[in-house]
Amino acid sequence: MDRNVIAMDGGGRPPWSVLLLCGASGTGKTQVSYPLARHYGVPIVEVDDLVEALQAMTTPEQQPILHYWRTHPEAARLPPADIADLQVAVAEALVPAVDAIVGNHLETDTPVIIEGDYLLPSLATRDGFAGIPAKGRVAAVVLHEPDEAQIAANYLRREPSLGEQLRRARVSALYGDRLTEQAAEAGVPTVTARPWTDVIERVIAAVTGTQ
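Residues numbered from 1 in each chain as written. Predicted model: local features only at pLDDT ≥ 70, side-chain atom pairs only at ≥ 80, totals over all residues. Heavy atoms only, no water.

## So, the environment of Val-42
Here Val-42 is to be found in the loop between helix H2 (29-40) and strand S2 (44-46). Assessed through its relative accessible area of 11%, Val-42 is described here as buried. For the pair Val-42 and Leu-66, spaced 24 residues apart in sequence, the C-alpha to C-alpha distance is 28 Å. Sequence-distant contacts of Val-42, defined by excluding residues within four places in its chain, comprise Pro-14, Trp-16, Ala-37, Pro-111, Val-112 and Ile-113. (Helix = DSSP H or I, 4+ residues; strand = E, 2+ residues; numbered from the N terminus. Buried < 20%, exposed > 50% of the residue type's maximum accessible area, 1.4 Å probe, protein only. Contact = heavy atoms within 4.5 Å.)

What follows is the structure, given as structure tokens:
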């Protein structure tokens, strides 16, 4: 499959109504989500924007987990495994918001890709969202980078002014392992980020069951 064609040409209606593109920070989800959206001719919802909106509309008392990093700056010094656990907690706190977005797209039959660190692959196994039956219309895939050093290199390339972010890369690697474990339990495919030359083709194959 020609990647240039995938990146620029619409590929017709996707076999899903909602695609959840999961994966830890620094794995390259953005490099996949936008070409994939162009291929299918569908919009993207970024979970990071959802988090910002919810933080603006709620207080730490109302949503303590969503505000945790702002109210507990000292948490950045926690052991990486504990920070990864907190990231799972944030993802779980966001489930009702994701549920509403997915339900809306199922009800209006408007395909969308939802992309973000705080997406749990197990959501794809739910029977319905916001009272709307899913009936196999929600797919998910986890983009995974198993090499912690590569994640650090990705951060350095993306944010050179911050220097090497080795601790952040460690947290991301641990969180990515948690997502892949959940994906395996839920029967959701995991796609390794590299090689980049064919990652979009491999994601398409994974979510269509042709890999």
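Moving on from the coordinates now.
## Quick look at the pattern of salt bridges
On inspection of all chains with the given rule, the structure shows twelve salt bridges. With a closest N to O distance of 3.4 Å, Arg-70 and Glu-52 form a salt bridge. Residue Arg-70 is located in helix H4 (residues 68-71), and its partner Glu-52 is located in helix H3 (residues 47-57); the two are separated by 18 residues in the primary sequence. For Glu-52, a relative accessible area of 46% gives the class partly exposed. (Salt bridge = Lys/Arg side-chain N within 4 Å of Asp/Glu carboxyl O.)

## A word on the packing of aromatic side chains
The full count for this structure, using the stated rule, is two aromatic pairs. With 5.1 Å between their ring centres and 70 degrees between their planes, Trp-16 and Tyr-40 make a pair best called edge-to-face. In this pair, Trp-16 sits in the loop between helix H1 (3-8) and strand S1 (18-22) while Tyr-40 sits in helix H2, placing the two residues 24 residues apart along the sequence. Accessibility assignment for this pair places Trp-16 and Tyr-40 in one class, buried. Residue placement shows Arg-126 over the ring face of Phe-129; its charged tip is 4.9 Å from the ring centre. Over the face of the ring belonging to Tyr-155 we find Arg-168, whose NZ or CZ atom lies 4.0 Å from the ring centre. (Phe/Tyr/Trp six-rings, centres within 6.5 Å; stacked < 30°, edge-to-face > 60°. Lys NZ or Arg CZ within 6 Å of the ring centre and 35° of its normal.)

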